[in-house]
Amino acid sequence: MLLLRWVDPVTSSFMLARQVSAWVSGDWQLRVDYRWRDMQDISRYLPLAVVAAEDQRFPEHNGFDFKAIEKAYKNNQRGRKTRGASTISQQLAKNLFLWSGRSYLRKALEAWYTLWIELLWPKQRILEVYVNVVEYGDGVYGAEAAAQRYFGIKAKHLGKSQSARMAAVLPNPKKYSIEAPGPYMQRRARAIERQMRALGGPAYLDECCLR
């Protein structure tokens, strides 16, 4: 894991699982689309959009957002449907090393990997790897592949609205579409844009993640 602080991952457990599942189902046409780009070759708006959508306290916590966990627990106790409280670091651990689904074993391993990621990697590296390996559509992984597939541009040219649309699908990239967003996704993307402005724009991440 320490090596990945400097060496860019060539794949992830999620990418491998998707490719194998395609072969098992007889789909020989699908090829995972993954193209690594360093942070300087990715628009500053995309990391901000991801943080605004997924983990607004990313610069502050050490891998676990206990305030979000407490809020999610209280909402669940009251019977309110709420999203989980996973941080970007936790989601990276799952995407890079583990598998989808819910189990105590996976959550325990996710916590273990998260602790080591936060201990061994700077925040900038965590965010850089995350935007590069996360899935933005079926078989489409990383900022560059998604930017070219859905907008016909390089990741470094993504604008605010395009970045917000990409971040908006992250809860479920197979259910939601960047290319043809429905009403819910359009509302969510607009809300992410508002939150990007409220956080202060890319400067919010400058100290920890972008410079």
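Conventions used here
Residues numbered from 1 in each chain as written. Predicted model: local features only at pLDDT ≥ 70, side-chain atom pairs only at ≥ 80, totals over all residues. Heavy atoms only, no water. Helix = DSSP H or I, 4+ residues; strand = E, 2+ residues; numbered from the N terminus. Expected span 1.5 Å × (residues − 1). Buried < 20%, exposed > 50% of the residue type's maximum accessible area, 1.4 Å probe, protein only. Arc of directions from axis to C-beta. Phe/Tyr/Trp six-rings, centres within 6.5 Å; stacked < 30°, edge-to-face > 60°. Lys NZ or Arg CZ within 6 Å of the ring centre and 35° of its normal. Lys, Arg positive; Asp, Glu negative; His and termini not counted. Salt bridge = Lys/Arg side-chain N within 4 Å of Asp/Glu carboxyl O. Polar contact = N/O pair within 3.5 Å; in protein donor to acceptor, adjacent residues only side chain to side chain. Contact = heavy atoms within 4.5 Å. Pairing = 2+ DSSP bridges. Disulfide = S-S within 2.5 Å.

The end-to-end C-alpha separation of helix 5 (residues 104-120) is 24 Å, in line with the 24 Å expected for 17 residues at 1.5 Å each. Those residues of helix 5 that sit buried are R106, E110, Y113, T114, I117, E118 and L120. Each buried residue of helix 5 sits inside an arc of 165° when the element is viewed along its axis, so together they form one side. Projecting away from the buried face of helix 5 at angles above 90 degrees are the exposed residues Y104, L105, L115 and L119.

Below, the discussion takes up the packing of aromatic side chains. What the rule picks out here adds up to five aromatic pairs. Ring geometry for Y176 versus Y184: centroids 5.5 Å apart, planes at 35°, classification tilted. According to the relative accessible area criterion, Y176 is partly exposed, its value standing at 21%. Among the residues examined, Y184 registers a relative accessible area of 42% and is labelled partly exposed. In this structure an aromatic cluster arises from ring pairing among F97, W112, Y113 and W116. Geometry around F58 places K123 over its ring, the cationic atom sitting 4.4 Å from the centre.

Another point: the side chain of D55. Within the secondary structure, D55 is located in the loop between helix 2 (45-54) and helix 3 (66-77). Despite its burial, D55 remains without a salt bridge, the nearest opposite charge being carried by K123 at 6.2 Å. Looking at D55, its side chain comes within polar contact range of the side chain of H61, at 2.8 Å. In this structure the side chain of D55 is engaged in a polar contact, spanning 2.9 Å, whose partner is the backbone nitrogen of I88.

Tracing the sequence through the fold places E118 in helix 5. Beyond its immediate sequence surroundings of up to four residues, E118 is in contact with H61, N62, G63, S89, K123 and I126.

Another point: the sheet that holds strand 1 (residues 33-34). Think of a sheet as strands paired side by side through backbone hydrogen bonds, with each pair either parallel or antiparallel. The three strands are arranged 1-3-2 in an open sheet whose pairing can be described as mixed. The open sheet terminates on both sides in strands that have one partner only, identified here as strand 1 and strand 2 (135-137). Pairing analysis gives two bridges linking strand 1 to strand 3 (residues 140-141), with the strands arranged parallel. Residue pairing across strands places Y34 opposite Y141, the latter belonging to strand 3.

For the coordinates displayed, the defined rule picks out one disulfide. Sulfur-sulfur distance for the disulfide between C208 and C209 comes to 2.2 Å. Taking the sign of the S-S torsion, about -80° here, the bridge from C208 to C209 comes out left-handed. Judged by relative accessible area, which is 22%, C208 ranks as partly exposed. Overall, the relative accessible area of 0% leaves C209 in the buried class.

Before going further, it helps to spend a moment on the pattern of salt bridges. The tally for this structure, following the rule as stated, stands at 13 salt bridges. Where E110 meets R106, a salt bridge forms, and the shortest distance between an N and an O atom there is 2.8 Å. Note that E110 and R106 are positioned in helix 5 at a spacing of four residues, about one turn of the helix. On the basis of relative accessible area, R106 is assigned to the buried category, the value being 6%.

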